[in-house]
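# Chains, contacts and geometry: an overview
Each chain, letter by letter, is given below.
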Amino acid sequence: MSQFDNVSVLKKANVYFDGKVSSRTVVFADGSTKTLGFMQPGEFEFATSQKELMELNGGSWQVLLPGESEWQTMQAGESFTVDANVSFQVKVSEFADYCCSYS
C-alpha cells in the first residue's frame, strides 16, 4: 500500500536518539495506528510493547532480531515482524524510510 486514505496524522513528531530517528503517527478510522518514520545513520535498539510489522520503504538497514545471532541486511520493499515485549537492533548506514504497523 503506497497511500493511506481517510486518516488523521498527529502533528507532533515522535523523536528518538537525539533526533536521528523520527516518526509521525497515522490514525485510521477504526482507531488502529501506524507510524511513518525516518532513520539517519546510526545504531539503535528498540523495545516493543505491541507486535510490530516494520516495512522498509526506502534505503537499507541491518537488523538483529530477538533470539538471532546474525544481522540481516534488508533493502527497500522488505519487511520483518517482531513480537510484543521484545527488543531488536537496527543499524543504518545511509538512511531508512519506514512504516511500522502495530497489532
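Residues numbered from 1 in each chain as written. Predicted model: local features only at pLDDT ≥ 70, side-chain atom pairs only at ≥ 80, totals over all residues. Heavy atoms only, no water.

The condition is simple: UniProt positions are given in the numbering used here, feature names are shortened, and annotations may be inferred rather than shown by experiment.
Under an unreviewed UniProt entry, the chain has the name Pyrimidine/purine nucleoside phosphorylase and belongs to Pseudoalteromonas gelatinilytica. UniProt's Function (unreviewed entry) comment on the chain is quoted here verbatim: "Catalyzes the phosphorolysis of diverse nucleosides, yielding D-ribose 1-phosphate and the respective free bases. Can use uridine, adenosine, guanosine, cytidine, thymidine, inosine and xanthosine as substrates. Also catalyzes the reverse reactions." Recorded in UniProt for the chain, the comment headed Sequence similarities (unreviewed entry) runs: "Belongs to the nucleoside phosphorylase PpnP family."

## Quick look at the overall build of the chain
Operational definition: Helix and strand assignments come from DSSP, with helices taken as H or I runs of at least 4 residues and strands as E runs of at least 2, each series counted from the N terminus. With the radius of gyration taken over C-alpha atoms, the globule rule is written as 2.2 Å times the number of residues to the power 0.38.
Regarding its fold elements, the chain presents zero helices and ten strands. Helices and strands appear in the chain in the N-to-C order β-β-β-β-β-β-β-β-β-β. Relative to its length of 103 residues, the chain is compact, with a C-alpha radius of gyration of 13 Å against a globular reference of 13 Å. C-alpha extents for the chain along the principal axes are approximately 40 × 25 × 25 Å.

## Let's talk about the side chain of Thr35
Here is the rule: We define a polar contact as two N or O atoms separated by no more than 3.5 Å, with the added condition that, inside protein, one atom must be a possible hydrogen donor and the other a possible acceptor, whereas residues neighbouring each other in sequence contribute only through side-chain atom pairs. Any two residues whose heavy atoms approach within 4.5 Å are treated as being in contact.
Looking at the secondary structure, you find Thr35 in strand 4 (residues 33–39). A distance of 3.2 Å separates polar atoms of two side chains, one belonging to Thr35 and the other to Tyr102. With sequence-adjacent residues up to four places away left out, Thr35 is seen in contact with Asn14, Ser23, Arg24, Thr25, Tyr98, Cys99, Cys100 and Tyr102.

## Considerations on the side chain of Ser60
For Ser60, the position within the fold is in strand 6 (residues 52–64). Once residues lying within four places of it in the same chain are set aside, the contact partners of Ser60 are Met74, Gln75, Val92, Phe95 and Ala96.

## Let's talk about the state of the cysteines
The line we're drawing: Working definition: a disulfide is two cysteine sulfur atoms within 2.5 Å of each other.
For the structure shown, the criterion picks out zero disulfides. A disulfide-free cysteine, Cys99 has its sulfur positioned 7.3 Å from the sulfur of Cys100, the nearest such atom.

## Focus on unusual backbone geometry
The cut-off we apply is this: Only protein chains enter the calculation, and the probe is 1.4 Å; a residue is then buried if its accessible area is under 20% of its type maximum, exposed if over 50%, and partly exposed in between.
The residue Asn6 is not glycine, and still its phi comes out positive at about 55°. Within the secondary structure, Asn6 is located in the segment before strand 1 (8–9). In this structure Asn6 comes out as exposed when scored by relative accessible area, which is 73%. One non-glycine residue with positive phi stands out, namely Phe17, at about 50°.

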